Amino acid sequence: MVLQLFRKKKELTFERTYAAPIGAVWEAWTDPDQLRQWWGPPKTTIAECELDLRVGGRIAIVMVAGEGMGKYQGTRWPMEGTFTDIEFPHRLVYDARSWTEGKEDTTTIEHVTELGLSEDDGKTVVNLTVTLNEIGSGAKMAAFGMKWGYKAQLDELDTFLAG
Amino acid sequence: MDATTFAALGEPSRLRIVELLRLDRLSVGDIAEGLGIRQPQVSKHLRVLREAGVVDVEPVARRRVYHLRAETFEEIGDWVDSFERLWEARLDGLEDFLAATATDEE
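Residues numbered from 1 in each chain as written. Chains lettered and ligands numbered in written order. Predicted model: local features only at pLDDT ≥ 70, side-chain atom pairs only at ≥ 80, totals over all residues. Heavy atoms only, no water.

Trainee: Any chance you could break down the environment of A:Asp95 for me, citing the residues and the numbers?
Mentor: Residue and element names in this part refer to chain A. Among the structural elements, Asp95 can be located in strand 5 (residues 91-98). You can call Asp95 partly exposed: its relative accessible area is 37%. Between the C-alpha atom of Asp95 and that of Thr131, which follows or precedes it by 36 residues, the distance is 9.6 Å. Apart from residues lying up to four places away in sequence, Asp95 is in contact with Glu80, Gly81, Thr82, Thr84, His111 and Val112. (Helix = DSSP H or I, 4+ residues; strand = E, 2+ residues; numbered from the N terminus. Buried < 20%, exposed > 50% of the residue type's maximum accessible area, 1.4 Å probe, protein only. Contact = heavy atoms within 4.5 Å.)

Structural data, given as structure tokens:
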């Protein structure tokens, strides 16, 4: 049950349809000035947002917890990565890691984000897959003390789960 | 570097023990029989898993039975859920943004 749960959730997939042309969605996702306007969930702000839109180019975004987040206020969550595939305006892939500033050793998550866009009758269908590869023992996982930072062991776990 | 817990799960026999404990609460003897491993070996593995917080032991009648610690695994589930919720919120934000942008252009 529990390990299966983890396997099932290791790859997150989302599908949304937006009432906007594909070009507008692509720009919202690739123009830093636009991206910073929607990227942060409620109660957060975007302190830094940099996108070098070419394969091998850098993506770097820092989210900061706002007043509404109580004890987390001021906490910075950087995300930094590299674009690995860009096919305008249909596909965008980047490898990245996210962490909580000041706790990089224990909170780093490595993930691959694949964005797929297709247009259907003036609307845009967004297919998003976020694959969590390596997971550091974050605040919530501290009790467990589990470190996913050892690739070989993770592979072993994968083999086990698949068996 | 605290690799204790991960190392605990990274060993094939211990993973098989965890797999077995997913199905039921078991004694050392049950596990030894189920996996065809000698009891002292099983005890050694269970000690490692206990120290790593993966399993717990409790007395039932005159036996000591082992079970997985739900909290430990729930932590993982919660954490992944929080990441999922972040993305849900973000995609909602994109919807609002696109709607606002379209209005501006009209």
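Trainee: Help me get a handle on the nonpolar core, residues and values and all.
Mentor: A:Trp29, A:Trp39 and B:Trp87 are the most contacted members of the largest nonpolar core, which has 37 residues in total. Counting residues per element, this core draws most heavily on helix 5 (residues 70-105) of chain B, which supplies seven residues. Discounting residues that sit within four places of it in the chain, A:Trp29 has contacts with A:Leu35, A:Trp38, A:Trp39, A:Leu51, A:Leu92, A:Leu115, A:Val126, A:Leu128, B:Trp87, B:Leu91 and B:Leu94. Among the nonpolar cores identified, the runner-up in size contains 22 residues, and B:Val18, B:Ala32, B:Ile37 and B:Val57 belong to it. (Core = buried A, V, L, I, M, F, W, Y, C linked by side-chain atoms within 4.5 Å.)

Trainee: So what's going on with helix 2 (residues 12-21) of chain B? Residues and values would help.
Mentor: Each α-helix winds once per 3.6 residues, and so residues spaced three or four apart point in a common direction. For helix 2 of chain B, a buried count of seven out of ten residues is recorded, marking the element as mostly surrounded by other parts of the structure. Within helix 2 of chain B, the full set of buried residues consists of B:Ser13, B:Arg14, B:Leu15, B:Ile17, B:Val18, B:Leu20 and B:Leu21.

Trainee: Lay out the pairing of strand 2 (residues 44-51) of chain A in plain terms, naming residues and giving numbers.
Mentor: Residues and elements named next belong to chain A. Sheet analysis places strand 2 next to strand 3 (residues 58-65), joined by seven bridges and oriented antiparallel. From the neighbouring strand, Ile46 faces strand 3, where its bridge partner is Met63. Connecting strand 2 to the next strand, strand 3, in antiparallel fashion are six residues, including Gly56 with a positive phi near 90 degrees. (Pairing = 2+ DSSP bridges.)

Trainee: Quick one: what's the story with the environment of B:Leu98, residue by residue and with numbers?
Mentor: Note that B:Leu98 resides in helix 5. Setting aside anything within four residues of it in sequence, one finds B:Leu98 in contact with A:Tyr18, A:Ala20, A:Ala24, A:Val25 and A:Ala28.

Trainee: Give me the pattern of salt bridges: which residues, what numbers.
Mentor: Residues and elements named next belong to chain A. Counted according to the given criterion, the structure contains 14 salt bridges over all chains. In this structure, Arg58 and Glu50 form a salt bridge, with 2.8 Å as the shortest nitrogen-oxygen distance. Under the relative-accessibility criterion, Arg58 is labelled partly exposed at 33%. In this structure, the salt-bridge partner of Arg58 is Glu80, at a minimum N-O distance of 3.5 Å. Here Arg58, found in strand 3, pairs with Glu80, found in strand 4 (residues 76-87); they are 22 residues apart in sequence, far enough to count as distant. (Salt bridge = Lys/Arg side-chain N within 4 Å of Asp/Glu carboxyl O.)

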